[in-house]
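Coordinate analysis (summary)
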Amino acid sequence: FQMGSNKGNDYNKPEHEVTITKPFYMGKYEVTQAEYEVYCSYGSSSPSSSYGDGDNYPAYYVSWYDALVYCNKRSMAEGLTPCYSIKDSTNPEEWGELPTAWDDPLRDTWDAATCDFNANGYRLPTEAEWEWLARGGENYEYAGSDNVDDVAWYNTNGTREVKTKAPNGYGLYDMSGNVYEWCWDWYDSISSSSAADGAASGDF
């Protein structure tokens, strides 16, 4: 498919062809607070009534590192093979403390995480996978509609419970709006890679 866009922000440019070669599953909606709290706890901030607090609200105040821990813990609990390894271990209990700041020296260890794409456990989608799914086999401006209010909670209407707007063509909810979603691969200023697993290095 044609990933990116020649319009709008520079980080979406240039539009380029990407081929996704491996099948995968995707959750129908963002990980909820109830799902997240089965396996993980929050750091210095936790969901509040100001932004939406409840079992069916999406989890937020979750870092990229938190997401790797969640994926592996849930995989292990469900008898699946964990995807992520840090320090040659797939057990998050052996990974040590999580980084808490941009200049945290622990980032060097955590940023060296690797993903086994042949494992059957939970993982973050790559940016290419996410964009392909967000498009939903359709050609709308937003994920499921040309009218953002049909499919997304955003800005002034805040964070809301998952699955309360219309899904896109693949039956996925909140692919536009609600909370930001993490992807696996690094951000790279040159986004013209044809590899579906993204850049090998870069920034969050």
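Summary of the structure given here.

1. Structural notes on the nonpolar core
- Counting residues in hydrophobic clusters, the biggest one holds 22 residues, and the most contacted among them are Tyr-36, Leu-68, Tyr-84, Trp-95, Leu-124 and Trp-184.
- A per-element tally of this core places helix H2 (residues 64–77) first, with seven residues.
- When near neighbours in sequence (up to four residues on either side) are disregarded, Trp-95 contacts Leu-68, Val-69, Asn-72, Tyr-84, Ser-85, Ile-86, Lys-87, Ser-89, Thr-90 and Trp-110.
- Core analysis: the second largest hydrophobic core is formed by five residues, Leu-133, Ala-143, Leu-172 and Met-175 among them.

2. So, H2
- Across its 14 residues, H2 extends 20 Å between first and last C-alpha, which sits within 8% of the 20 Å expected from 1.5 Å per residue.
- Where H2 is concerned, the buried positions are Trp-64, Tyr-65, Asp-66, Ala-67, Leu-68, Val-69, Tyr-70, Cys-71, Asn-72, Arg-74 and Ser-75.
- The backbone nitrogen of Tyr-65 has a side-chain oxygen 3.3 Å away, supplied by the residue at the start of H2, namely Ser-63.

3. A look at the packing of aromatic side chains
- Counting across every chain of the model gives eleven aromatic pairs.
- The interplanar angle of 25° and the centroid separation of 5.5 Å between the aromatic rings of Trp-64 and Trp-184 together place this pair among those described as stacked. Taken as a pair, Trp-64 in helix H2 and Trp-184 in the segment after helix H5 (148–151) lie far apart in primary sequence, 120 residues in all. The residues Trp-64 and Trp-184 share a single accessibility class, namely buried.

How each quantity is defined
Residues numbered from 1 in each chain as written. Predicted model: local features only at pLDDT ≥ 70, side-chain atom pairs only at ≥ 80, totals over all residues. Heavy atoms only, no water. Core = buried A, V, L, I, M, F, W, Y, C linked by side-chain atoms within 4.5 Å. Buried < 20%, exposed > 50% of the residue type's maximum accessible area, 1.4 Å probe, protein only. Helix = DSSP H or I, 4+ residues; strand = E, 2+ residues; numbered from the N terminus. Contact = heavy atoms within 4.5 Å. Expected span 1.5 Å × (residues − 1). Polar contact = N/O pair within 3.5 Å; in protein donor to acceptor, adjacent residues only side chain to side chain. Phe/Tyr/Trp six-rings, centres within 6.5 Å; stacked < 30°, edge-to-face > 60°.

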